[in-house]
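What the coordinates show
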Amino acid sequence: MEVVTMLKQVDLFRGLDNSQLELVGQITVQEDFNDGDVIFEQGDHAGKMYIVSEGQVEIIVEHSDGQQNPVVFLGTGQIIGEMTLVDEGKRSATVKASGEMTRLYSILNTKFVELCRSNTDIGYMIMRNIAQDMSFKLRHRGFEAKDS
Amino acid sequence: MIYKVSYIVNDGSKPGSIKNEQERPVIGDTVHIGVHEFRVVDVYEIMPPRDDFLYLHATVEEVAETEAHA
């Protein structure tokens, strides 16, 4: 799938036109993973965010007693690691590929911030969409707490 | 239209999922989350649609292994 076509299906880039999506596409790198591959671990220093293009990933939180708790699967069109763009903190969870083939696109934080600074229209829309995505994830967690 | 769906397992026994779907899920559909198969038992909008995106919450129940292989 062409990168711009893939980006159009990602909520994070909603509102961007084709020329803006092409600029984003220029800083994305395709990365493929097999079942069980660790994409990053909780506590790692974070340098990039990811977009799930195909397959799914499992988000696992490790508690202070060492117990690992799978919290959610993220599939096509979802973003991973975007919190570090906002707070520059360490990874808050471990992420593993789940299934035969998982295709992600990564974007280095430095390149992402550079793009947002040099093109503030893109920066505004992506930051707005990141906030809305976090809101959606919070609602998901809220439903989970209510239903369990 | 792209459907961004928050799937929650009804009894909380397994993690849910968030993913985009090309078609709106309806009650009775089956969906794979991790290695398990689930059936949709409830669907509704949780946020107003924006551009080409529609935001849904779906509650699912696990399909019994015997049923899944029947």
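None of the values given here were measured: they were computed from a predicted structure. (Residues numbered from 1 in each chain as written. Chains lettered and ligands numbered in written order. Predicted model: local features only at pLDDT ≥ 70, side-chain atom pairs only at ≥ 80, totals over all residues. Heavy atoms only, no water.)

1. Considering the confidence of the model for chain B
The predicted model of chain B averages 92 in pLDDT, with 91% of residues at 70 or higher. Note on the complex model: pTM 0.90, ipTM 0.90. (pLDDT = per-residue confidence, 0-100.)

2. As for the side chain of Gln 132 of chain A
Here Gln 132 of chain A shows up in helix α5 (residues 120-147). The exposure class of Gln 132 of chain A is buried, given its relative accessible area of 19%. (Helix = DSSP H or I, 4+ residues; strand = E, 2+ residues; numbered from the N terminus. Buried < 20%, exposed > 50% of the residue type's maximum accessible area, 1.4 Å probe, protein only.)

3. Concerning the environment of Gly 15 of chain A
Position of Gly 15 of chain A relative to the elements: it lies in the loop between α1 (3-8) and α2 (18-25). Measuring from C-alpha to C-alpha, the distance between Gly 15 of chain A and Met 125 of chain A comes to 6.8 Å, with 110 residues separating the pair along the chain. What Gly 15 of chain A contacts, discounting residues up to four positions off in sequence, is Gln 20 and Met 125 of chain A together with Asp 51 of chain B. (Contact = heavy atoms within 4.5 Å.)

4. A few points about the interface of chain A and chain B
In this complex, chain A contributes 27 residues to the contact, which on the side of chain B involves 30 residues. Summed over both sides, the interface of chain A with chain B buries roughly 2300 Å², with 59% coming from carbon and sulfur. Run the count over chain A and chain B and you get 3 salt bridges. With its nearest N and O atoms 3.4 Å apart, the salt bridge here joins Asp 51 of chain B to Arg 14 of chain A. Only β4 (68-74) and α5 of chain A provide two or more residues apiece to the side of chain A that touches chain B. Top contributing element to the side of chain A that touches chain B by residue count: α5 of chain A, with 9 residues. (Buried area = accessible area lost by both parts, 1.4 Å probe. Salt bridge = Lys/Arg side-chain N within 4 Å of Asp/Glu carboxyl O.)

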